[in-house]
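Here are the chains, one letter per residue:
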Amino acid sequence: MRNEGSAASPVHLALCRATAQVELEMGQLLADEGRWDEEYITQRLCMLIRPEVTAVRFNRPQERQVGADYIWWWVDRSGESFGCLIQAKNIKRRGRRSSIDFQYGDGRQMQALFQTADLLRVPAGYMLYAGDRDYQAQLGCMADHSSRLPCYEREGAAVTLVPALLAERVALMSSVVPVYAQASAAEVFCQWAKPLIDFTASKPYGYGNPLHRIFDLTDADPGLREFLSAGQVGARKVARHIFDTVLRMASMQFSAVRSAPPLIDPDAASVFPNLPGWRAHFRASYFEHTLRGLRHTLPTYVEQCLAGDPPPEIADRVAGIIVVRV
Ligand SMILES: [Zn+2]
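Throughout this document, residue positions are counted from 1 along each chain, in the order its sequence is written. Owing to the predicted nature of the model, reporting of local features is limited to residues with pLDDT of at least 70; listing and counting of side-chain atom pairs is limited to 80 or more, with chain, interface and lining totals taken over all residues.

As for the overall build of the protein chain
Piece 1. Secondary structure elements are defined from DSSP: runs of H or I of at least 4 residues count as helices, runs of E of at least 2 residues count as strands, and each element is numbered from the N terminus. For the protein chain, the count of helices and strands is 11 helices and 12 strands.
Piece 2. The reference for a compact globule is 2.2 Å times residues^0.38; the radius of gyration itself is calculated from the C-alpha atoms. Its C-alpha radius of gyration of 19 Å places the protein chain within 12% of the 20 Å reference for a compact globule of 326 residues.
Piece 3. Within the protein chain, the fraction of its 326 residues that count as buried is 43%.
Piece 4. Here the analysis covers contacts within the protein chain between residues at least 6 apart in sequence; of these, 75% occur between residues at least 24 apart. Whether a residue is buried, exposed or partly exposed is read from the other C-beta atoms within 10 Å of its own C-beta, which are placed from the backbone; 20 or more gives buried, 12 or fewer gives exposed, and intermediate counts give partly exposed. Two residues qualify as a contact pair if the distance between their C-beta atoms, derived from the backbone, is within 7 Å.

Structure follows, in structure tokens:
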């Protein structure tokens, strides 16, 4: 991995180290067995990010048959926190065709992910495992990469995060346009998935994103305007990374900013209690779904989980919790 110099935090270096190691292990497993198991890679990732990052796996069998979802919280020194419910998915490859099984179980797995995210009041996302660099280079990406590094040469591309709102749109489009389906996994990897290590890199992120000008935020909370226009660090930076990805897809949709009444978020810990209701073609307001994860403080269940005593409503639905102190 790139040496970030003295500015890189121990937490960031731990995530870089873990990403590099699971990339190596996915490559070894590909060579030895022709595949890797996503739950195994998740476990390895959890082991490898310790001790700088806290990762706790709950000691309870999950009741539903679906995969291993983890709650991730990025917490900064101010106490502000951003949470996201994340499910791991492999990017599978056959020849030069790739696929991501977002619709596993006839879509029931994705529905369950969204339901749990709603319960926890955080956005949902997918962690994509993309194998080693040779594997990534053969995913069939058709982009010309003219203004940037090819997707498979990005640092940390083996472990990337894509918002579930966006994955759901891609899955829906793939189900109605077979030609698109063939290219969609490579497109998700190239265009929409961000390396996990980008969220903890020391540079501020998101100053002056021109996409934000499509909104009329005249009446919005001034804090929200500032959040969207200024460069961010800490928990807000993670929130902006996720939000900007969703926004970029929303901006391609006709109804990105079709007017809607503001939503009132009843949770007093939310950083932005009043958010625009714009939905575009997503299942929910992308402001509310994404930014509800940004809070002044961690929810109380986090301490219980870290103490090995997760509330049953959480332990029954998620496999574990990861707390990244940024
Ligand atoms: Zn690409």
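So, the packing of helix 5 (residues 164-176) against helix 8 (residues 234-250)
Piece 1. At a closest axis distance of 9 Å, the pairing of helix 5 and helix 8 adopts a crossing angle of 35 degrees. Contacts between helix 5 and helix 8 involve Leu165, Leu166 and Arg169 on the former and, on the latter, Thr245, Val246 and Met249.
Piece 2. Residues are sorted three ways: Asp, Glu, Lys and Arg are charged, Ala, Val, Leu, Ile, Met, Phe, Trp, Tyr, Cys and Pro are nonpolar, and all the rest, Gly among them, are polar. Its residues assigned to classes, the contact of helix 5 with helix 8 comprises 4 nonpolar, 1 polar and 1 charged. Each axis is a line fitted through C-alpha atoms, and for a helix only the stretch in contact is used; angles between axes span 0 to 180 degrees, taken between their N-to-C directions.

Some words on the environment of histidine 241
Piece 1. The residue histidine 241 is located in helix 8 in this model.
Piece 2. Judged by C-beta crowding, with 19 C-beta atoms within 10 Å, histidine 241 ranks as partly exposed.
Piece 3. Once residues lying within four places of it in the same chain are set aside, the contact partners of histidine 241 are Lys194, Asp198, Phe199 and Tyr205.

Regarding helix 8
Piece 1. Its 17 residues place the ends of helix 8 25 Å apart at the C-alpha level, agreeing with the 24 Å of an ideal helix rising 1.5 Å per residue.
Piece 2. Taken across its 17 residues, helix 8 has 14 buried, putting it largely inside the fold. One less than the number of residues in a helix, times 1.5 Å, gives the span that helix is expected to have.

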